[in-house]
Structures are given as C-alpha cells and as structure tokens.
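The chain contents come next:
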Amino acid sequence: MSPIRSRLGTFGPPLAVFLLVIVGWYGVSYLILDPDRRFLLPPPHAVVLIGFLDPTNLTELLDALLLSAAVAGTGLAIAAAIGIATAIVMSQAGWVERSIYPYFVVLQTIPVLALVPLFGFWLGFGVECRVLVCVLIALFPIVANTLFGLRSVDEAHHDLFTLHRASRLTRLVKLQLPTALPSIFTGLRISAGLAVIGAIVGDFFFKQGDPGIGILIDLYRQRLQSEQLFAAVILSSLLGVLVFTACGWLSRRVVGGWHSSAMDREAMR
Amino acid sequence: MAVDGMGLPVTPVRSAGASAMLEFRGVRKQFQDGTVAIAGVDLVVVPGKLVSVVGPSGCGKSTILRIATGLVRPSAGVVSVATDRVGYVFQDSTLLPWRTVQANVELLTELHGLPRDERRRRADEVIRLVGLEGFKGHRPRTLSGGMRMRVSLARALTMAPELFLFDEPFSSLDEITRQRLGDELQLLYLTHGFAGVFVTHSVTEAIFLTGRVLVLSQRPGRIVGNFPVQFDYPRPPAIRYSADFARLASEISECLRRGEQ
C-alpha cells in the first residue's frame, strides 16, 4: 500500500466519525432545539468563537486548566514516588506487605471524593488539599502494578542471580526493577487518568480559592454560559488525553526497545 | 565472596583436594510434597571430562544439576564440588531482555564486581568466540533462538568455568541449529578443557559431545546405564551418521526404554 493510502486508512475512519458527530451536533442545535432552548447545546462554531477565541474567556479557561494540570501532575508525581517506594518495601519484606496492603485495598474501595469535604474541613481548600485528593486517588494502581511487576521476575533469572551471589540490593536494582518497569508504566497510565479526574471532580467540592477547571465548569453551568461550559469540558477532555498520551510516549521511550507489549502497541499504531 | 542475602542456597561441601571436579555419592532428593526426584545417584566427573545424563522427562535430570550448584539441598548423600568456578547454562537462554548482547554477556562479571575494563575485555573475547561480533548492540528479542543460546554460552564463559553444567540447553532449538551448536560447543570444550555435566533428552547429542553417557530411570531417578563413548576428539559432525555411533545410540535408547518401565 502507498504511504498516502495507508495514512488515509489510519486517519480516515476516525476523521469521518468526527465529521459525523459535528454534523449531528449542528443538527441537534438547529433542527431539534428551539432558539430559546438552544443554550442546552450551542452549535460548535459558537463554542469556538465564544469559548476559545474570546481572549478574556480563553485566558480564564487556560489559567484554570493550568492550575488543574499542575494539581494533577503534582499529585501523580507524589503518588508515583510514594507508591513505587511502598511497593519496593513490600516486595522486600513480607510482613510489611501483610501489614499495609489490606489498607491500600480499603483505600481503593472507599470513594475518596466523598472524603473531600472532610479534607477541606481539616486542611482548608487550598492547592495542597486538592493535591492530596489526587495522591489518594492515584496511589493504589501504582502500588498494585509495581508490586506485581517486582513479583513477576522469571524464576530462572532469580536462580542466575542466586548462583552468582547477588546481594538483595543488586537483585532489586539489576533484576526486579527493570522487570517491573513495564508494569510500573501501566500503573502510571491508569493513575494519570485518575489524577486528572481527581483534580477536576475534586474542584466541585472546593468551589473556593483559585479556580481550577472543575470550579469553572460548575460556575458556567450555574450561569448558563453554555458556550464556555462546552469549551471547558473539551479542554478537560484534552487534558486527560494529553496525560494519557504522554504516559504512553514515555513508556515507549523507556521500555519500547525491549518489552514486547510496548512493541506490539507500537506496531499496531 | 559475599554471603547470599536471600538465605537460599546451601553451598555443597567443597573438598579442594579431591581428584574429582564433581562427585555425588548416594545423593537422594525428596521434595516437601513427598515426591522423590532422585533416589541414590552416584556420579563422578573428573577435570577436563564431559559426562552426559539422559533420561525421560521428569526423571530428575535437572534436579541433579540444581543440587550440584547448591540451588537445591540434597535430602541425603554427599556432594562435593572441587571448584568455585561453576558455569550454569539454563534450558532457556535467560538473557535479560532490557540489556544488549554486550551488557548481557557482561552481567556475571558485573555481579562479581570485576573492573569495567576487564569486563569489557572478557566480553569482547567470548563474543568473538561465539561469532556474534556484529550483534553486540542488539537486544535479545531481535536474535534467533540459536543466537540467544550462543549469548548465554558466552555469558557463562566470561567466568572461565572449570565445571560447566548444561541443563538441556538446546532443547528448544530446531534440529539444524541444535547440531550446529553441538559442533560449536565441542570446539569450545576442546579449546577451554572444562569439565562438565550435560543433561539432555537427545541421545545423539549426548554421544556426540561427551565421553560418558549415564542413563537415568523414570522418577524416582536412579542411574540404570553407564556407557563410555570411545570416539576421539575432535569428532567430525558426520560421525553422527556412522555405524558405530548408531550402534551405541541404539544400545542407549534400549536402556532408556527399559528404564521407563
């Protein structure tokens, strides 16, 4: 197949679906909704003109998005550091795992967002508290995946290191951590999405302090500024996509050269 | 040498003065679940000689090697290993997928804390020996099964082993690659003169490479046949198709069949 045709094959179908959605959107805006109810689904060009091309609105949106992204990113970084470190300690000492792993499972099962008002009550509604929500929501997938990765070392590889009298630290650094890398990235990818959700949905509960994109979404809804509401929703989605893609890119950069599933994903693109 | 932190292996009795490189006397292994893997195995490997162990699958062939390395502790009997330089080649190539060929070959010297220049020098030498100079920067997944096994052999050679333990190293390869690697291994043996135990389920491979073929019975494994191989080294590849070779192979196969009953 020629390069142009194969590129058409890759991008053509999703582009067609995109156009179809836009056409459907216009259809609903103009054909189904009466003019006085059109604010429920403003047509796409209105969203672009008012939401994205009006400098005041755009600045407001981007500032809020940046804040939310910073909150999610910081939360994810802290969750990664704590999660990986905890998993390493658990993999080295069975009693540590037995003592704390159940609580990680509990943390995963309680709805962290329900605790947000409590955190706000204790810590105030500043950025620190929003970061804490992201950390709590993003922690478990990293711990669980890292631990799984550290455990999935081939028995024969362990034998090889045992035969050559490798120390615990050597075994961890030269065998277990590299083996775990693909799983760690899987965990990061899941947690990255959760951290973004935590940052945005967490905002709904704060409604105070510097506005994150979630606070703006709530505000626009109350004021029926639906063009800006749609712009904010689209930007939030883009943030999620961006974070997910960035994690995938990083994963391919680091383990793509040798890990089969990363290679396969690459091949499918 | 550092004490193993995992507390796993128990180093076998090492009697440096013994003339045998490896000796098993009445070695028996019963696992915790009650299965008896090997029941009273006697085995002597003298310096510079290769001994092969053939037997049906699941007869405890690998257990013998794992006991020799200290990975598994025998339930009864005496094991003596006369050297610290033991090379082990696994059934699978056990390369680390994230390391290049060069880095994989340097792994053992790295674990033993050799200086960088020395690691590089030894790696270069053995990589040349197995004919993979053009592939130093490749990762294992881009190599064929035969090439991976060559890397695995090269890695073991960096520690200049006096006793080599082979655990069905060629069993996952196709017949042609298997024969070629057999020829290459013979060359390595002739240039390095290590002693070794070669565990395999291929009678042809056992006869071609080693000076003595031991036949292990069905589990619980015990030695039911002991066949000296008289052919002089170097053995030409075509010797596999000679009449004497075929006669010995059929005797050993017959013994294997009886051992399975």
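Residues numbered from 1 in each chain as written. Chains lettered and ligands numbered in written order. Predicted model: local features only at pLDDT ≥ 70, side-chain atom pairs only at ≥ 80, totals over all residues.

Some thoughts on the overall build of chain B
Okay, so step 1: A tally of regular secondary structure across chain B gives eight helices and nine strands.
Okay, so step 2: Here the C-alpha atoms of chain B give a radius of gyration of 18 Å, agreeing with the 18 Å that 2.2 N^0.38 yields for 261 residues.
Okay, so step 3: Counting only C-alpha atoms, chain B reaches 50 × 45 × 35 Å along its principal axes.
Okay, so step 4: Counting the 261 residues in chain B, one finds 43% classified as buried.
Okay, so step 5: Here the analysis covers contacts within chain B between residues at least 6 apart in sequence; of these, 75% occur between residues at least 24 apart. (Helix = DSSP H or I, 4+ residues; strand = E, 2+ residues; numbered from the N terminus. Rg over C-alpha atoms; globule rule 2.2 N^0.38 Å. Buried ≥ 20, exposed ≤ 12 C-beta atoms within 10 Å, placed from the backbone. Contact = placed C-beta atoms within 7 Å.)

Quick notes on helix α9 (residues 213–222) of chain A
Residues and elements named next belong to chain A.
Okay, so step 1: When we look at burial in α9, the residues that qualify are Ile 213, Gly 214, Ile 215, Leu 216, Ile 217 and Tyr 220.
Okay, so step 2: If you follow the buried residues of α9, they end up packed against α3 (55–92), α8 (168–206) and α10 (226–255).
Okay, so step 3: Leu 224 lies just past α9 and shows a positive phi near 55°.

Some points on the sheet that holds strand β6 (residues 163–167) of chain B
Residues and elements named next belong to chain B.
Okay, so step 1: The strand order across the open sheet formed by six strands is β5-β6-β7-β3-β8-β9, and the pairing between neighbours is mixed. Looking at the sheet topology across the chains shown, the edges are occupied by β5 (86–89) and β9 (223–228). Each neighbouring strand pair of the sheet contributes to a mean axis angle of 15°, computed without reference to strand direction.
Okay, so step 2: In terms of strand pairing, strand β3 (residues 50–54) meets strand β8 (residues 212–216) through four bridges, oriented parallel. Each bridged residue has a counterpart across the sheet, and for Val 51 the counterpart in β8 is Arg 212. (Pairing = 2+ DSSP bridges. Axes fitted to C-alpha atoms, helices over the stretch in contact; angles between N-to-C directions.)

What about the domain arrangement of chain A?
Okay, so step 1: Taken domain by domain, chain A consists of domain 1 (1–38) and domain 2 (42–268).
Okay, so step 2: Each of domain 1 of chain A and domain 2 of chain A has a C-alpha centre, and these two points are 31 Å apart. (Domains from an automatic or database assignment.)

A few points about the pairing of β9 of chain B
All names here are of chain B.
Okay, so step 1: Looking at chain direction, β8 and β9 are connected through five bridges and run antiparallel. Following the sheet pairing, Val 213 is matched in β9 by Phe 227.
Okay, so step 2: Hairpin connection, β8 to β9: the antiparallel pair is bridged by six residues.

A look at the sheet that holds strand β1 (residues 22–30) of chain B
The pairing of strands in a sheet comes from backbone hydrogen bonds and takes either a parallel or an antiparallel form.
Residue and element names in this part refer to chain B.
Okay, so step 1: The antiparallel open sheet is built from three strands, whose spatial order is β2-β1-β4. The strands lining the two open edges of the sheet, one partner per strand, are β2 (36–45) and β4 (76–81). If you compare each strand with its neighbour and ignore which way they point, the axes differ by 20° on average.
Okay, so step 2: In this structure, β1 lies alongside β4, joined through five bridges in antiparallel fashion. Within β4, the position partnered with Arg 25 by the bridge is Val 78.

Some points on the nonpolar core
Considering soluble globular proteins, one finds that nonpolar side chains tend to be buried as a cluster.
Okay, so step 1: Membership of the largest hydrophobic core comes to 75 residues, with the highest contact counts inside it found for Val 54, Ala 68, Leu 163, Leu 165, Val 197 and Val 213 of chain B.
Okay, so step 2: Element by element, the count of residues in this core is highest for helix α5 (residues 145–157) of chain B, at six residues.
Okay, so step 3: Aside from chain neighbours lying at most four places away, what touches Ala 68 of chain B is Leu 22, Val 79, Val 81, Leu 165 and Val 197 of chain B.
Okay, so step 4: Ala 69, Phe 119, Leu 132 and Ala 232 of chain A belong to the second largest nonpolar core, which has 59 residues in total. (Core = buried A, V, L, I, M, F, W, Y, C linked by C-beta atoms within 7 Å.)

Remarks on the packing of α8 of chain A against α9 of chain A
Residues and elements named next belong to chain A.
Okay, so step 1: At their nearest, the axes of α8 and α9 sit 6 Å apart, and the two run at 55° to each other. Between α8 and α9, the angle falls in the class oblique. Considering the relative orientation of α8 and α9, their crossing is right-handed. Residues Ile 200, Val 201, Gly 202, Asp 203, Phe 204 and Phe 206 of α8 pack against Ile 213, Gly 214, Ile 215 and Asp 218 of α9. (Parallel < 35°, antiparallel > 145°, perpendicular 65-115°, else oblique. Left-handed = near helix turned anticlockwise from the far one by under 90°.)

Some details on the packing of helix α2 (residues 44–52) of chain A against α10 of chain A
Residues and elements named next belong to chain A.
Okay, so step 1: Taken N-terminus to C-terminus, the directions of α2 and α10 make an angle of 85°; their axes are 8 Å apart at the nearest point. In terms of orientation, α2 lies roughly perpendicular with respect to α10. Across from Ala 46, Val 47, Ile 50, Gly 51 and Phe 52 in α2, the residues of α10 making contact are Glu 227, Gln 228, Phe 230 and Ala 231.
Okay, so step 2: Residue classes in the contact of α2 with α10 are distributed as six nonpolar, two polar and one charged. (Nonpolar A, V, L, I, M, F, W, Y, C, P; charged D, E, K, R; others polar.)

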